[in-house]
Amino acid sequence: FLIFLLLINFYPAQGQNAIDLDGINDVVTSNYPGILGNGARTVEAWIKTTANANPSAMGTQQIITDWGTFVTGGRFTFCVLWSNAIRIEVGGNGLSGNIAVNDGNWHHVAGVYNPTATNQVSLYVDGVLDVAGNLTVATNTVSGTGVQIGQRIDNARRFDGTIDDVRVWSVARSQADIAANRNNEICTFTQGLELNYNCNTGTAGGSNPGLTVLRD
C-alpha cells in the first residue's frame, strides 16, 4: 500500500528517519481500510511530542492513527488525550492510559484490541503495560475512511510532533512481542503485519519538497 503525505520534513529518529507533523495541516492518508468489524488488532508507533493533549488543561487530542466511520463503535482511534497519555477509542467510548508521553522524549506506544481476552484493550508505553480494561461500546469498525496518521477521520485533531515506525497488525500482539521488537525495524514479511511504515524516505532534517508518498 502507498500512503500520501501533506508534509515535507523528515527527522532522524531511533537511528532512522521520521515524519514531522506540524499539528496544523500535515497528515498521512491511505486507502487501506484498516482492521474491520470485531477483529483483533494492534497499533504501534514511536512518537515524540510536547503538545498538550489534555482537554482538562485546554489541550487538544493528538491523533496517532485513525480509521473507520463516525458511528458508535465504528471507528478505531489511537491517540494521546486525557493526562497526555495514550488512548484507544471506538466511537462512543474509550480507554485511557496513565503515563504522560508528551515530555519531548521518544516513546514507543502500542494499543491492542483482543476480543477474546478478559481485558480486551491493553495500552503499552515503552514495552510496559500502562493499563488494561474493557470498553462499554462494542467494537465494530466500519469501512469508511482508510488508515490515517496524524489526524482523525473527520480531518480534525491533528498531531503536533514526530512519528516513526507505524505498524498495524491484524493480531493481538503480546506484551513480550511488543517489548522484544519495539526497537527493531521489520523488513521482511511477517504474519499479521498489515501496514508497516518505517518512514525512512527522504533526507533527515531536510525539507524534502518533492516527497509526497510514504511506502509500506
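The rules behind each value
Residues numbered from 1 in each chain as written. Predicted model: local features only at pLDDT ≥ 70, side-chain atom pairs only at ≥ 80, totals over all residues. Heavy atoms only, no water. Helix = DSSP H or I, 4+ residues; strand = E, 2+ residues; numbered from the N terminus. Rg over C-alpha atoms; globule rule 2.2 N^0.38 Å. Buried < 20%, exposed > 50% of the residue type's maximum accessible area, 1.4 Å probe, protein only. Contact = heavy atoms within 4.5 Å. Areas by Shrake-Rupley, 256 points an atom, 1.4 Å probe, with all protein chains shown as cover. Core = buried A, V, L, I, M, F, W, Y, C linked by side-chain atoms within 4.5 Å. Pairing = 2+ DSSP bridges. Lys, Arg positive; Asp, Glu negative; His and termini not counted. Salt bridge = Lys/Arg side-chain N within 4 Å of Asp/Glu carboxyl O. pLDDT = per-residue confidence, 0-100. Phe/Tyr/Trp six-rings, centres within 6.5 Å; stacked < 30°, edge-to-face > 60°. Lys NZ or Arg CZ within 6 Å of the ring centre and 35° of its normal.

1. Description of the overall build of the protein
1) Next: Scanning the protein from N- to C-terminus turns up 1 helix and 16 strands.
2) Next: Compactness check: the protein gives a C-alpha radius of gyration of 16 Å against a globular reference of 17 Å for 216 residues, within 12% of the reference.
3) Next: Counting only C-alpha atoms, the protein reaches 45 × 40 × 30 Å along its principal axes.
4) Next: For the protein, with 216 residues in total, the buried portion stands at 54%.
5) Next: Sequence-distant contacts in the protein: of pairs separated by 6 or more residues, those separated by 24 or more amount to 66%.
6) Next: Of the roughly 8,700 Å² of accessible surface on the protein, 49% is carried by carbon and sulfur atoms.

2. Examining the nonpolar core
1) Next: By size, the foremost hydrophobic cluster in this structure holds 37 residues, and its most contacted members are Ile 47, Ile 64, Phe 78, Ile 86 and Ile 163.
2) Next: Those residues within four positions of Ile 64 in sequence are excluded, and the remaining contacts are Ala 45, Ile 47, Phe 78, Cys 79, Val 80, Val 109, Gln 148, Ile 149, Gly 150, Phe 159 and Ile 163.

3. Some remarks on the pairing of strand 10 (residues 107-113)
1) Next: Counted residue by residue, strand 10 has 7 buried out of 7 residues, so it is predominantly covered.
2) Next: Residues of strand 10 alternate between two faces, with His 107, Val 109, Gly 111 and Tyr 113 on one and His 108, Ala 110 and Val 112 on the opposite face, all of them buried.
3) Next: By the bridge criterion, 7 bridges tie strand 5 (residues 41-48) to strand 10 in an arrangement that is antiparallel. Directly across from Arg 41, in strand 10, lies its bridge partner Tyr 113.
4) Next: Bridging between strand 10 and strand 11 (residues 121-125) involves 5 bridges; their strand directions are antiparallel. Bridge pairing in strand 11 links Val 109 to Val 125.

4. Side note on the side chain of Asp 165
1) Next: Structurally, Asp 165 can be placed in strand 14 (residues 160-169).
2) Next: No salt bridge is formed by the buried Asp 165; its nearest oppositely charged neighbour, Arg 167, is found at 4.8 Å.

5. Here's the deal with the pattern of salt bridges
1) Next: The tally for this structure, following the rule as stated, stands at 4 salt bridges.
2) Next: For Glu 89, the salt bridge goes to Arg 75, with nearest N and O atoms at 3.3 Å. Here Glu 89, found in strand 8 (residues 86-89), pairs with Arg 75, found in strand 7 (residues 75-80); they are 14 residues apart in sequence, far enough to count as distant.
3) Next: The salt bridge partner of Arg 152 is Asp 154, with a shortest N-O separation of 2.7 Å.
4) Next: The class for Arg 152 is buried, based on a relative accessible area of 12%.
5) Next: In this structure Asp 154 comes out as partly exposed when scored by relative accessible area, which is 33%.
6) Next: Each of the salt bridges in this network shares a partner with another, and the network as a whole consists of Arg 75, Arg 87 and Glu 89.

6. Looking at the confidence of the model for the protein
1) Next: Mean pLDDT over the protein works out to 91, with 93% of the residues at or above the 70 mark.
2) Next: Counted against residues more than four places away or in other chains, residues 1-14, with its pLDDT under 50, gives 78 contacts.

7. Quick notes on the packing of aromatic side chains
1) Next: Taken as a whole and judged by the stated rule, the model has 1 aromatic pair.
2) Next: When the ring centre of Phe 70 is taken as reference, the NZ or CZ atom of Arg 75 above it lies at 4.6 Å.

8. Observations concerning unusual backbone geometry
1) Next: The phi torsion at Asp 126 lies on the positive side, around 55 degrees, for a residue other than glycine.
2) Next: Its location among the elements puts Asp 126 in the loop between strand 11 and strand 12 (128-133).
3) Next: A residue is classified by how much of its surface remains accessible, and Asp 126, at 26% relative accessible area, is partly exposed.
4) Next: The backbone of Arg 157 shows a phi angle near 60 degrees, a positive value even though the residue is not glycine.
5) Next: With respect to the secondary-structure elements, Arg 157 resides in the loop between strand 13 (145-149) and strand 14.
6) Next: Take Arg 157: its relative accessible area is 36%, and that puts it in the partly exposed class.

9. Structural notes on the pairing of strand 12
1) Next: The pairing of strand 11 with strand 12 spans 5 bridges and is antiparallel. Across the sheet, residue Tyr 124 finds its bridge partner in strand 12, namely Leu 129.
2) Next: Here strand 11 folds back onto strand 12, and the loop between the two strands holds 2 residues, one of which, Asp 126, carries a positive phi near 55 degrees.

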